[in-house]
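# Survey of secondary and tertiary structure
Residues per chain, in single letters:
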Amino acid sequence: MTDKNKSKIHEIDTSAEHDALWAFERMLEIMPDDRSALEAAIFAGQAAGEREKALVYRLRLVDILLEEGDESSLKEHVAALREDPDPRASEWIEKYDLGSSSKKTAQAEEAAEAPLQEKAAAPIYTETKNIAEEIDLAWKLLENEEITREEYAEMVRNLTEMLASEDGGTVTALHSLEASNHRKLEQILSFLSQSSRTPYISLSSFTIRPEMASILPDDFITNRGAIAFDTIGRELMIAILNPFSRSLRTDVKNVSGAHCHFYLTRASEFDDAHQRLRTSASQS
């Protein structure tokens, strides 16, 4: 991004980010341990300059991740706390390092006593919705002047409402944009495709075979916004809705166990393809 564009973004006030933070705080009052809401509140707090609140939510989240044993998701938050000068962050890291050292010692002792046997490690991936990455995508659009500050605030509100709803649908920034009939949707899709180097593809032109349903779990498709729709030899063609998410690509590869080619698609075509996949799988 040019220095001129960066300057414009820095001049933008943080009212939209404060609105987003407020929305996630209301959500956390109802669901205090919701991981997606906590991650989103951390991101919104940092964007709004509310570092105190961002730290409080991060400390809450890392305790939840520790309890669930999700080391993969925990890693980035531990790294952030190590860089945070706040004494509360330092205190948490000290306890974490002490606990990790004790855990490694116990694991080493167990390994020494256990009989030698080979066991394939299960792939580690996140199956829950990751609204923080969707807000990050919306912020990229704002930074690059693809959307206005008001549209960014609206997208955050829409994402919050979609996450809180009980319809169980896929929650992405592209769903929010398409639902609002955004006037620059085609331009935004082009920007996302080019800037992420992810080819755009229309899923409506593909007949999705029933066997595609066995590649990614249905909950994973819904929550993460990724679907296998065809193959190239033994390699998979995967449609995604957040081309900037590196964790999504990694998780898709881990779950499928195959080499994958990723493509960007429309939210409506994604939902239609998902429904067609469910129908064809149930009839096979």
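Scroll up to find the structure this text is about.
About the criteria used
- Residues numbered from 1 in each chain as written.
- Predicted model: local features only at pLDDT ≥ 70, side-chain atom pairs only at ≥ 80, totals over all residues.
- Heavy atoms only, no water.
- Helix = DSSP H or I, 4+ residues; strand = E, 2+ residues; numbered from the N terminus.
- Buried < 20%, exposed > 50% of the residue type's maximum accessible area, 1.4 Å probe, protein only.
- Contact = heavy atoms within 4.5 Å.
- Areas by Shrake-Rupley, 256 points an atom, 1.4 Å probe, with all protein chains shown as cover.
- Phe/Tyr/Trp six-rings, centres within 6.5 Å; stacked < 30°, edge-to-face > 60°.
- Lys NZ or Arg CZ within 6 Å of the ring centre and 35° of its normal.
- Expected span 1.5 Å × (residues − 1).

## Let's talk about the overall build of the chain
Assigned secondary structure in the chain consists of 13 helices and 3 strands. Within the chain, the proportion of its 284 residues that are buried is 46%. Long-range contacts, defined here as pairs at least 24 residues apart, represent 66% of the contacts in the chain between residues at least 6 apart. Split by element, the accessible area of the chain, about 15400 Å² in all, is 49% carbon and sulfur.

## Things to note about the packing of aromatic side chains
Tallying each qualifying case throughout the model produces 4 aromatic pairs. Residues Trp92 and Tyr96 carry aromatic rings whose centres are separated by 5.2 Å and whose planes lie at 10° to one another, so their mutual orientation is stacked. One end of the pair, Trp92, and the other, Tyr96, are both in helix α6 (residues 87–113), 4 residues apart, so they sit about a helical turn from each other. Pair check on accessibility: Trp92 and Tyr96 agree, each one buried. A centroid spacing of 5.6 Å and a plane angle of 70° characterise the contact between Trp139 and Tyr152, whose relative ring orientation is edge-to-face. Here Tyr152 lies in helix α8 (residues 149–164) and Trp139 lies in helix α7 (residues 131–143), a separation of 13 residues in the sequence. Residue Trp139 shares its accessibility class with Tyr152, and that shared class is buried. Ring-pair connections join several aromatic residues into one group, and the members of that group are Phe206, Phe229 and Tyr263. When the ring centre of Phe244 is taken as reference, the NZ or CZ atom of Lys140 above it lies at 5.1 Å.

## Overview of helix α2 (residues 15–30)
In a regular helix each residue adds 1.5 Å, so 16 residues correspond to 22 Å; α2 covers 23 Å between its end C-alpha atoms and thus fits that length. Those residues of α2 lying buried are Ala16, Glu17, Ala20, Leu21, Ala23, Phe24, Glu25, Met27 and Leu28. Its buried side turned inward, α2 meets α3 (35–47), α4 (51–68), α7 and α8.

Any functional reading would require information that these geometric values do not contain.
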